[in-house]
Amino acid sequence: IQSQSPEWREEVSSSLEIKEKEIREKGSEILREQLDAAKKELKLKDKECERLSQVRNQLEQELEELTASLFEEAHKMVREANVKQAAAEKQLKEAQGKIDVLQAEVTALKTLVLTSTPSSPNRQLHPQLQSSGTRGAYKHVGGHVRNKSASGGFPTSSGKPEPSPVSVQPKEDREIDSVLFAEFLMWKEHPSLDRSSAFLSRIYSEEIGPCLSFTRSELVQSAVESNSLTIEPVAMSALPMVKASAIECGGPNGFRAAVETKCALSGMSRLCRHRIKLGDKGSYYYISPSSRARITAVCNFFTYIRYIQQGLVRHDAEQMFWEVMRLRREMTVAKLGFYLTDQG
């Protein structure tokens, strides 16, 4: 090499410099490319970090809102529960007070009912039976007039009861009909107002049906069965505008009115001292004394069997049976046209 000429050495040296320069340029280019790639990747990482940070912030905000909402809902539910509990406790106290009052009323009612039957009603239980005093030999019992005389006869045409030569009332003998008593006992095991039972079916066909066989029998019977029929005396202000003779009759409260007009049930022209209302209807129908007696007899029967159904009658089965038979006899007498009137 030393023997080589200086030109050659210079040429080799320049060639090495050129190659070294090229190697440096290539290395620099590679490093720049790697740096650019690293920068791009770093930018992507920064964007991803920013996106994840936003997601985290959004989730934290939603979690805070959800927590606040849950706390608010929980407080609201607690407040509502407290209000409902207070209202329930108030209602419970009121209900207990009402129950105590009702129990006292039921106890008093049972005490009155146990001493009251349709034949001998308790006048405290039925204040409408109170009268200003007895009239002659008659007294009001359950809306009917009974003769105190031993003969038990009806008033004569002169309006005065016939005097009885005998002062001792005859004893009434009776004997239980085994078929009727068996039907009553079977009904009494599960008392109801369902007419499909043999007991009520017989009474409907033999007494109730004939006793209520009016022009409006179905309407009247339905009102009697549902205990929604009202009977009241005719007031002077309630007299219908008809061409009939109106009179005033003595009554428990001084004077009550009567009007001679057509009975709404029988269709006959009679002196009507009472009127009826069927259910909640506002219309009144004027009825004759005979029609009133028939309706009253049926109402008395239904009242007594309702007492039995509600467990308010504490008599034995035989006493109940004879009371039912007495009420059936009243219906039979009423449907035949017999009735008692005031002799004011």
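The coordinates are above.
Below is a short write-up of the structure. (Residues numbered from 1 in each chain as written. Predicted model: local features only at pLDDT ≥ 70, side-chain atom pairs only at ≥ 80, totals over all residues. Heavy atoms only, no water.)

## Comments concerning helix α3 (residues 198-211)
Between its terminal C-alpha atoms α3 stretches 19 Å, which fits the 20 Å expected from 14 residues at 1.5 Å a residue. Listed in full, the buried residues belonging to α3 are Phe199, Leu200, Ile203, Tyr204, Glu207, Ile208 and Cys211. (Helix = DSSP H or I, 4+ residues; strand = E, 2+ residues; numbered from the N terminus. Expected span 1.5 Å × (residues − 1). Buried < 20%, exposed > 50% of the residue type's maximum accessible area, 1.4 Å probe, protein only.)

## A few points about a negative patch on the surface
Together, Glu22, Glu25, Glu29, Glu33 and Asp36 give the surface a local cluster of negative charge. Relative to the assigned elements, Glu25 resides in helix α1 (residues 6-114). (Patch = residues over 30% accessible without salt bridge, like charges linked within 9 Å, V, L, I, M, F, W, Y side chains within 5 Å. Areas by Shrake-Rupley, 256 points an atom, 1.4 Å probe, with all protein chains shown as cover. Salt bridge = Lys/Arg side-chain N within 4 Å of Asp/Glu carboxyl O. Lys, Arg positive; Asp, Glu negative; His and termini not counted. Charge placed at Lys NZ, Arg CZ, Asp CG, Glu CD.)

## Some details on a nonpolar patch on the surface
Judged by side-chain polarity, Trp8, Val12 and Leu16 come together as a nonpolar surface patch covering roughly 260 Å² of accessible area. For Leu16, a relative accessible area of 54% corresponds to the exposed category.

## Details of the packing of aromatic side chains
Considering all chains together, one arrives at eight aromatic pairs under this definition. Centre to centre, the rings of Phe181 and Phe321 are 5.1 Å apart; their planes meet at 80°, and the pair counts as edge-to-face. Here Phe321 lies in helix α6 (residues 317-335) and Phe181 lies in helix α2 (residues 178-189), a separation of 140 residues in the sequence. On the basis of relative accessibility, which here comes to 1%, the residue Phe321 falls in the buried class. Ring-pair connections join several aromatic residues into one group, and the members of that group are Phe181, Phe184, Trp187, Phe199, Phe321 and Trp322. A cation over an aromatic ring shows up here: Arg195 above the ring of Tyr204, its NZ or CZ 4.1 Å from the ring centre. Sitting above the plane of the Tyr284 ring, Arg275 keeps its charged end 3.7 Å from the centroid. (Phe/Tyr/Trp six-rings, centres within 6.5 Å; stacked < 30°, edge-to-face > 60°. Lys NZ or Arg CZ within 6 Å of the ring centre and 35° of its normal.)

## A closer look at the packing of helix α5 (residues 289-309) against α6
Two elements in contact, α5 and α6, have axes separated by 8 Å at closest approach and are oriented at 165°. Of the possible angle classes, the one that applies to α5 and α6 is roughly antiparallel. Note on packing geometry: the crossing formed by α5 with α6 is left-handed. In contact with Ala293, Arg294, Ala297, Val298, Asn300, Phe301, Tyr304 and Ile308 of α5, α6 contributes Gln319, Met320, Glu323, Val324, Leu327, Glu330, Met331, Ala334 and Lys335. Counted by class, the contact of α5 with α6 contains eleven nonpolar, two polar and four charged residues. (Axes fitted to C-alpha atoms, helices over the stretch in contact; angles between N-to-C directions. Parallel < 35°, antiparallel > 145°, perpendicular 65-115°, else oblique. Left-handed = near helix turned anticlockwise from the far one by under 90°. Contact = heavy atoms within 4.5 Å. Nonpolar A, V, L, I, M, F, W, Y, C, P; charged D, E, K, R; others polar.)

## A few points about the sheet that holds strand β7 (residues 274-278)
Taken together, the three strands give an open sheet; going across it, the order is β3-β7-β8, and neighbouring strands pair in antiparallel fashion. Because the sheet does not close on itself, it has two edges, and the strands there are β3 (229-233) and β8 (284-287). Here the strands of the sheet are splayed against their neighbours by 30° on average, with no regard to which way each runs. Two elements, β7 and β8, share four bridges in a ladder whose sense is antiparallel. Considered in β8, the bridge of Ile276 is made with Tyr285. (Pairing = 2+ DSSP bridges.)

## Notes on the pattern of salt bridges
A full pass over the atoms with the stated rule returns ten salt bridges. Its salt-bridge partner being Arg202, residue Glu183 comes within 2.8 Å of it at the nearest N-O pair. Placement of the pair is Glu183 in helix α2 and Arg202 in helix α3, with a sequence separation of 19 residues. Residue classification places Glu183 among the buried residues on the basis of a relative accessible area of 16%. Via salt bridges that share partners, Glu183, Arg202, Glu206, Glu207 and Arg328 belong to a single interconnected network.

## As for the nonpolar core
One finds Ile208, Ile295 and Phe301 to be the most contacted residues of the largest nonpolar core, which totals 41 residues. When contributions to this core are tallied by element, the ones reaching two or more residues are α2, α3, α4 (217-225), β7, β8, α5 and α6. Sequence-distant contacts of Phe301, that is, excluding residues within four places in its chain, are made with Leu200, Ile203, Ile208, Val324, Leu327 and Met331. (Core = buried A, V, L, I, M, F, W, Y, C linked by side-chain atoms within 4.5 Å.)

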